[in-house]
Amino acid sequence: MSPTTHGKSGPHSLKDVITDLRFPDMQDLAEHLYFNPEQGMIWLGDKRMLLLHAEAFGALRQELLETLGVEKTRGLLTRIGYLSGTRSAELAIKTRQSGSQLDILAAGAQIHSLCGMLEIEPVRIEVDPHKGYLYGEFIWKHSLESDLHLATHGQSHDPVCWMATGNSSAFLTRLMGKRILVREAECVARGDAVCRAVARPVEDWEDADDDLQYFQPRSASSDRKPAARSEFAGMQQGKAPFGLEFEQQPHVELDRPVGSSAAYHAVLHKILRVASTNATVLLLGESGVGKTMFAHEVHANSRRAHAPFVEINCAAIPDTLIESELFGVQRGAYSGATEARPGRFEIADGGTIFLDEIGTLSMTAQGKLLRVLQSGELERLGSTKTLKIDVRVIAATNENLAEAVKEGRFRSDLFYRLNVFPVTIAPLRERRDDLPLLLDRFVNHLCQQHGRQLVGITPRALQAILDYSWPGNIREFENVIERAVILADDGDTIDLRHLAGLEANQGERQSGTVSWDQAPGIGIRLPEATTSPEGCNDSAAVGPSLDQTAARLLQQRPVSLNEVEDAFVRAAMHLAQQNITRAAALLGLTRAQMDYRLKKMASKGSGDN
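Residues numbered from 1 in each chain as written. Predicted model: local features only at pLDDT ≥ 70, side-chain atom pairs only at ≥ 80, totals over all residues. Heavy atoms only, no water.

Student: Requested: an account of the pattern of salt bridges, with residues and values cited.
Tutor: Evaluation of the coordinates by the stated rule reveals 25 salt bridges. In this structure, Arg597 and Glu565 form a salt bridge, with 3.6 Å as the shortest nitrogen-oxygen distance. Of this pair, Arg597 sits in helix α22 (residues 591-608) while Glu565 is found in helix α20 (residues 561-575), placing the two residues 32 residues apart along the sequence. Judged by relative accessible area, which is 24%, Arg597 ranks as partly exposed. For Glu565, a relative accessible area of 32% translates into the label partly exposed. A salt bridge links Asp595 to Arg591; the nearest nitrogen and oxygen atoms lie 3.8 Å apart. Remark: Arg591 and Asp595 occur in helix α22; sequence separation between them is four residues, near one turn of the helix. Under the relative-accessibility criterion, Arg591 is labelled partly exposed at 43%. (Salt bridge = Lys/Arg side-chain N within 4 Å of Asp/Glu carboxyl O. Helix = DSSP H or I, 4+ residues; strand = E, 2+ residues; numbered from the N terminus. Buried < 20%, exposed > 50% of the residue type's maximum accessible area, 1.4 Å probe, protein only.)

Student: Give me the sheet that holds strand β4 (residues 41-44): which residues, what numbers.
Tutor: Spatially, the three strands line up as an open sheet ordered β3-β4-β5, and their pairing is antiparallel. In this open sheet, the two strands that pair with only one neighbour each are β3 (33-36) and β5 (47-49). Strand after strand, the sheet turns through a mean of 35° between neighbouring axes, direction not considered. Bridge count for β4 against β5 is three bridges, and the pairing is antiparallel. Counterpart to Leu44 in the pairing with β5 is Lys47. (Pairing = 2+ DSSP bridges. Axes fitted to C-alpha atoms, helices over the stretch in contact; angles between N-to-C directions.)

Student: Hey, could you go over the nonpolar core for me, with residue numbers and the actual values?
Tutor: In this structure, Trp140, Leu172 and Leu175 are the most contacted members of the largest nonpolar core, which totals 40 residues. When residues in this core are grouped by element, the largest group, seven residues, is from helix α6 (residues 162-176). Excluding its chain neighbours within four sequence positions, the residues that come into contact with Trp140 are Leu118, Glu119, Ile120, Cys161, Ala164, Thr165, Ser168, Val182, Glu184, Cys195 and Ala197. Among the nonpolar cores identified, the runner-up in size contains 31 residues, and Phe327, Leu373, Leu387 and Leu414 belong to it. (Core = buried A, V, L, I, M, F, W, Y, C linked by side-chain atoms within 4.5 Å. Contact = heavy atoms within 4.5 Å.)

Student: Could you give an account of the sheet that holds strand β16 (residues 421-424), naming the residues involved and the relevant values?
Tutor: Taken together, the five strands give an open sheet; going across it, the order is β11-β12-β15-β10-β16, and neighbouring strands pair in parallel fashion. Each edge of the open sheet carries a strand with a single partner, namely β11 (309-313) and β16. Between one strand axis and the next, the sheet turns through 20° on average, direction left out of account. Here β11 runs beside strand β12 (residues 352-356); their pairing, made up of five bridges, is parallel. Paired with Glu311 across the two strands is Phe354, which belongs to β12.

Here's what the structure looks like:
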């Protein structure tokens, strides 16, 4: 590896250009791959793997193309690759946490090769000492996807290494803490000499939306691009949230979910599946996880998308007014009711009504709501006239409604009516892969809302955001980012001092062995370091734990404790170059104890002979 620099206009314009990156030995990664054929299991790290014939994968790919078409197949394979790339990044960080940033970056290519998909040869990597990763160019050799496509379909008009694109994008995004898009510029299946991939931050691609649409599931009945829109509007021209240049894009309203995590995709698949029906949807999850955004997603993908969407927070309306708000009021129904007024259900006729915090409804309101769900009929307060309505109901709660039924606070018949299609939304702490996308969206929206012109976010502030557990979920996240936008001056970058509420977490967080300030800094973010037990050597925390090693060994074959003890004694002697005192120290023994074990092993050896 030989970084070179060019540029003379000042320290912020200098770039480290790496053109001869050599990969380290991949034995450390290969050691995480093990087989347990007796139980039918293969593992890579702590994730179970599948050994599949290439021809079988090719047949599956061909059938997907014939049944779903190119666009949907590309999206499906891209998302599969994206999930795989995220897991590869976790393994790379865990395995090479004590290595250099380039060693961790190289692990992504080596894991890809270990999985039999392709060989990656780096051509050029550009990094900025202050901003991190800017540009990467790679050659993909022996691509399985390209070879299979040529064998079954012949030459293509477009690049076809879709899983590799998703995998590489996810790997780099996870490592850098900001969204990186990998695009295949040349492809053997297209008739090019090689498959060549280029990786840049999303904001550096002028037409990123053309590719980003494949990273999000799409409704089977709609060609809408759910979350492929650019999220970089509202920032000062020339800077992106992470300090890299980009061109301004049209403003996007903050009413739809975005994400890239497996948990997000699982929810979105359910949403898109049910959206085109008229079924009642019950959104479950902790407070602040974004249930309203997912309700918008249901409506936007439904056949009622152009009809009214009416939201009502049941907890914000007093019990005495909830019935009139929901079902309307007839003139003279009570003192002060001087004119008839339609309720929310009437306003939503033909469209969708979203009942948030439905668990707070009174028993009377629950009874009337049950009638609407059963018959599609309601009566205004003070009226005897029955009105027929056609409304799709989406309900949401952070309560356990089944428990509320047992406690007598919620009607069981209403619960069963609402629980037609329940969707549980995971908390933000289980969707960390979504944070870079959410950060981009909120920063840009809030800059527009408050008239701020910010130029980015510092790496240490970004790291703090990614390490925090966010107990208040997206609502807390939005509030913290809004405070940061307000506290930061125009032309400034968001820094730790602007992230009010996260300071308490900083004392516990450690950035690991690779620093943001280490040059040539690519900007890889390591996870929190765990505290070693008292008296334990810190170096022992690096690499697989003893429990993981034991589990891996036992999955391969039965092992006796005597074998384990003897193996550790031999290993310690080898590392200590046969010095008994040093070997004893490695195992926490006295020299006398070590002598005893060596003599015991020697006697067993002579007895066997």
